[in-house]
2 protein chains.
Amino acid sequence: MISKKMDGLVNNNSVIRQMFEEGKRMAEEFGSENVYDFSLGNPNVPAPAKVKETIERLLKEEDPVALHGYMANAGFPDVRAKVADSLNKRFGTAFTADNIMMTVGAAGGLNCALKALINPGDEVLSFAPYFVEYRNYVANYDGVLKEVAPDTETFQPDLKAFEEAVTSKTRALIINNPNNPSGVIYTEETIRAIADILNRKQAEYGSEIFIISDEPYRELVYTGAEVPYITKYYDNTIVGYSFSKTLSLPGERIGYLVIPSEAADHERLFQAVTIANRVLGFVNAPSLMQKVVAECLEEKADIGFYAKNRDVLYDALKDYGFSCIRPEGAFYMFIKSPVADEKEFVTEAKKEHILLVPGSSFACAGFVRLSYCVSYETCVNSLPGFKRLAEKYGL
Amino acid sequence: MISKKMDGLVNNNSVIRQMFEEGKRMAEEFGSENVYDFSLGNPNVPAPAKVKETIERLLKEEDPVALHGYMANAGFPDVRAKVADSLNKRFGTAFTADNIMMTVGAAGGLNCALKALINPGDEVLSFAPYFVEYRNYVANYDGVLKEVAPDTETFQPDLKAFEEAVTSKTRALIINNPNNPSGVIYTEETIRAIADILNRKQAEYGSEIFIISDEPYRELVYTGAEVPYITKYYDNTIVGYSFSKTLSLPGERIGYLVIPSEAADHERLFQAVTIANRVLGFVNAPSLMQKVVAECLEEKADIGFYAKNRDVLYDALKDYGFSCIRPEGAFYMFIKSPVADEKEFVTEAKKEHILLVPGSSFACAGFVRLSYCVSYETCVNSLPGFKRLAEKYGL
């Protein structure tokens, strides 16, 4: 009865989301303190105090008609200018309000970007492991997501495989830096190499190939490592950002797109994403939250909270014999499954009330994703379960 | 450079939105008190006081992690239950939380519904005049919007023309009640007749044909007239609602879909709209606003404010010789253009600093839409300009 496209999606509903709902069901059955739900990137750190203060102040000082009203589809001009200024200060860029569109989260922004770029049959590349929704976003516009197989030693992109995957049909590459689910940061060297390859391929095919950089985890970096700002390395870029993780506002759906002036046909492209925002039904990013984030651009989530979780989990899991890359950013660990079929491991872990997501959901079977944006207690209390799992699998 | 679909949209950008941006430009040039911007449905009535009070209370009382966090894609279960209860109390329906999905405004909801229903080539009917974005929403899923020509005497649907327009390819009918731009309310008799026709056509073609009822103006009714609740008259219905107009929150993007249990394959359809919400990039309706509207379901915009505007404008315009149906609901007047090409009239009106939208944007040339959700002063101060226009056209 439902449309053919949705038929497939209903039959293969998001494992991550199912796990999230299962986690809530288990929390009701067993008590939330006895369920270790590492399934979803739903931050457990409260939003910075300034978020609450700013909402309260705006409600007092601003005209409610303007505060809750329509604005241009691209967002409030003053908010867009403040975002541009903040980026310029931090990354030495030269953006203005004309380069920024406020969006309904990064997911909304990515959909606007793809709607603006993709014709049916166009190919979009992504490096496995990648956030599984990219495939659905690309399919919304009848594009085809082609994955570049992972280098499971380093989880840095396999550049040789990437170069071979670019064809005359390639329209875009989606990257996610820092990476969900691996926690890896793509280095400046990697970014330069990707830009080189794409510049050569654009010349070869006479095409415009975009890098769409999905960056909700940009500020979540543990090592002091730099996350290169992509627009400085390649002209045809679109950056998607979300405040979900940095300000712990995932439910509020607030983010932005950056369309640099160096991108091909910049003005028309910006018009296209703005109109896409309207016709896809977003219309505009939520108005109050636009004004809130504009005042909180210097705020950061408490990275120490996540670092503590990472350290206790990483050290214990390594100690128990699990194999895993030490995350440099984001709040995910990508653990090698002790059995080839990682879904079996996920099922076993669930018996310990530990909820993990199979790597096949990220085009990378044989691994599982652990999302550690949970309370420290959840991390610590899950350890005996992990220990029993390690023993069960003879690690 | 941009995608072919967006190419067409950029070339024919929304006249309404262009007018809105033009209005802001003119307000800067001439002073906002000297520009009579009737272009956009952006309410000038502040949100009810309870909206502000509720936000302040939620910030004080609720855990910020829950208040701003992810929930199931369909929305907070308690919010959905409260919406269902409120509808049941007001309309004698029997909905539960399982019939309600919270959405990013009505526009987001309609897109989820269409994504769930439409296969490429499917036909979606709508009665002209209709909100022009419907055509874009349907095209997002490669459906084709077919309009049923208007009865410009009454602006009630032409049922004979409608019956002839339904084919084996018809997948849905989008109605908007009260109607934007005509201000007309479709009567219970009309709704029954539409349901009869569709039931016969479903039997004839062995198909499921949905009525998608877009109802942001449901509470904005002047005459005490009832707006029939569509699910009581026809099984295959989806109702889209927005709090934009009732609570004056258009920028916040908050609404809901109702999928009644009587709809064909209800459970799977509900799953489909929920997953559409996720994969289209909405993910969920903004979380804080979900909690806010759940506490404000009995609140209403000050209808007296709009009634006063309607009366002063309608009486004066009739007096000057303009021809127009007296609006029963919403906050629009649909005025017959004094010249055949209503775009010429719109241009002339702009010289008087009066901003109107051409009826061709609603598939109904020869008329203009006036949106009177503005201040009373704007209405009154625009009258000399309308008078001069009437004289110019010899009305």
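Residues numbered from 1 in each chain as written. Chains lettered and ligands numbered in written order. Predicted model: local features only at pLDDT ≥ 70, side-chain atom pairs only at ≥ 80, totals over all residues.

Caption draft 1: Just the overall build of chain A, in detail. The helix and strand tally for chain A stands at 14 helices and 12 strands. Taking 21 Å as the expected radius of gyration for a compact globule of 395 residues, we find that chain A reaches 21 Å, a close match to that expectation. If you line up chain A on its principal axes, its C-alpha atoms span 60 × 55 × 50 Å. Considering chain A as a whole, with its 395 residues, one finds that 54% of them fall into the buried category. (Helix = DSSP H or I, 4+ residues; strand = E, 2+ residues; numbered from the N terminus. Rg over C-alpha atoms; globule rule 2.2 N^0.38 Å. Buried ≥ 20, exposed ≤ 12 C-beta atoms within 10 Å, placed from the backbone.)

Caption draft 2: Local environment of the sheet that holds strand E12 (residues 367–371) of chain A. All names here are of chain A. Strand order in the open sheet formed by 3 strands is E9-E12-E11, and the pairing between neighbours is antiparallel. Of all the strands in the sheet, the pair left with one neighbour each is strand E9 (332–336) and strand E11 (357–358). Here helix H13 (residues 342–351) sits on the sheet in contact with E11 and E12, set at roughly 40 degrees to E12. (Pairing = 2+ DSSP bridges. Contact = placed C-beta atoms within 7 Å. Axes fitted to C-alpha atoms, helices over the stretch in contact; angles between N-to-C directions.)

Caption draft 3: Representation of the packing of helix H6 (residues 105–117) of chain A against helix H10 (residues 266–279) of chain A within the structure. Residue and element names in this part refer to chain A. Taken N-terminus to C-terminus, the directions of H6 and H10 make an angle of 120 degrees; their axes are 8 Å apart at the nearest point. When the interaxial angle is binned, H6 and H10 end up oblique. The interaxial crossing formed by H6 with H10 has right-handed handedness. On H10, the residues touching Cys112, Ala113, Lys115 and Ala116 of H6 are Leu269, Ala272, Val273, Ala276 and Asn277. Of the residues assigned to the contact of H6 with H10, the class counts are 7 nonpolar, 1 polar and 1 charged. (Parallel < 35°, antiparallel > 145°, perpendicular 65-115°, else oblique. Left-handed = near helix turned anticlockwise from the far one by under 90°. Nonpolar A, V, L, I, M, F, W, Y, C, P; charged D, E, K, R; others polar.)

Caption draft 4: Representation of the interface of chain A and chain B within the structure. The interface of chain A with chain B comprises 68 residues on the first partner and 68 residues on the second. Considered class by class, the residues forming the side of chain A that touches chain B number 35 nonpolar, 20 polar and 13 charged.

Caption draft 5: Seen up close, the nonpolar core. Within the largest apolar cluster, 256 residues are counted, with the highest numbers of intra-cluster contacts made by A:Val273 and B:Val273. Look past the residues within four positions of B:Val273 in its chain and what remains in contact with it is B:Met101, B:Cys112, B:Ala113, B:Ala116, B:Leu257 and B:Ile259. (Core = buried A, V, L, I, M, F, W, Y, C linked by C-beta atoms within 7 Å.)

Caption draft 6: View of the environment of B:Lys351. All names here are of chain B. You can see Lys351 is positioned in helix H13 (residues 342–351). The class for Lys351 is exposed, based on 11 C-beta atoms found within 10 Å. In the structure, Lys351 is positioned 197 residues away from Thr154 in sequence and 31 Å away in space, judged by C-alpha atoms.

Caption draft 7: Fine view of the relation of the copies chain A and chain B. For the pair chain A and chain B, the relating rotation is 180 degrees, the translation along its axis is 0.0 Å, and the fit reaches an RMSD of 0.0 Å. Here the transformation between the copies is reduced to the relation of a two-fold axis. By C-alpha distance to the rotation axis, the residue of chain A lying nearest is A:Glu56, at 3.4 Å. Of the interface residues in chain A, 100% have counterparts in chain B that sit at the interface too, so the contact is made through matching surfaces. (Least-squares fit on C-alpha atoms with pLDDT ≥ 70 in both.)

Caption draft 8: Representation of the domain arrangement of chain A within the structure. Residues and elements named next belong to chain A. Each assigned domain of chain A is listed with its residue range as follows: domain 1 (4–48 + 302–392) and domain 2 (51–295). The distance between the C-alpha centroids of domain 1 and domain 2 comes to 26 Å. If you look at the interface, domain 1 gives 27 residues, while domain 2 gives 31 residues. Among the secondary structure elements, those contributing two or more residues to the side of domain 1 that touches domain 2 are helix H12 (303–320) and E9. Of the residues forming the side of domain 1 that touches domain 2, the biggest block, 4 residues, is contributed by H12. Residues of the side of domain 1 that touches domain 2, tallied by class, amount to 19 nonpolar, 5 polar and 3 charged. (Domains from an automatic or database assignment.)

Caption draft 9: How the structure looks around the pairing of strand E12 (residues 367–371) of chain B. Residue and element names in this part refer to chain B. With 5 of its 5 residues buried, E12 lies for the most part within the structure. Because side chains alternate across E12, one face comprises the buried residues Phe367, Arg369 and Ser371, and the other comprises Val368 and Leu370, equally buried. When strand E9 (residues 332–336) meets E12, the two strands line up antiparallel, connected through 5 bridges. Note on E12: the bridge partner recorded for Lys336 is Phe367.

Caption draft 10: A look at the sheet that holds strand E11 (residues 357–358) of chain B. Residues and elements named next belong to chain B. A sheet is described by the order of its strands in space; here 3 strands give the open sequence E9-E12-E11, paired in antiparallel fashion. With partners counted over all chains shown, the strands left at the sheet margins are E9 and E11, one partner each. Of the pairings in the sheet, the one linking E11 to E12 comprises 2 bridges and is antiparallel in character. The residue bridging Pro358 from the neighbouring strand is Val368, located in E12.

Caption draft 11: Geometry of the confidence of the model for chain A. Taken over all residues, the pLDDT of chain A has a mean of 95, while the share at 70 or more is 100%. Among the prediction metrics, the complex's ipTM stands at 0.95, with pTM recorded as 0.96. (pLDDT = per-residue confidence, 0-100.)

Caption draft 12: View of unusual backbone geometry. Going from A:Asn177 to A:Pro178, the amide bond is cis rather than trans, its omega being -10 degrees. Take A:Pro178: it is sitting in the loop between strand E5 (170–176) and helix H9 (188–205). The omega torsion of the bond from B:Ala128 to B:Pro129 falls at -5 degrees, within 30 degrees of zero and hence cis. Assignment of secondary structure puts B:Pro129 in the loop between strand E3 (123–127) and helix H7 (133–140). In this model, A:Val283 sits at a positive phi of 70 degrees, which is unusual for a non-glycine residue.

Caption draft 13: View of H13(B). Residue and element names in this part refer to chain B. Buried within H13 are the following residues: Glu342, Phe345, Val346 and Ala349. For H13, the angular spread of the buried residues around the axis is 100 degrees, confining them to a single face. Of the exposed residues in H13, the ones pointing more than 90 degrees away from its buried face are Thr347 and Lys351. Buried positions along H13 lie against strand E10 (354–355), E11, E12 and helix H14 (376–392). One or two positions beyond H13, positive phi appears at His353, with a value near 65 degrees. (Arc of directions from axis to C-beta.)

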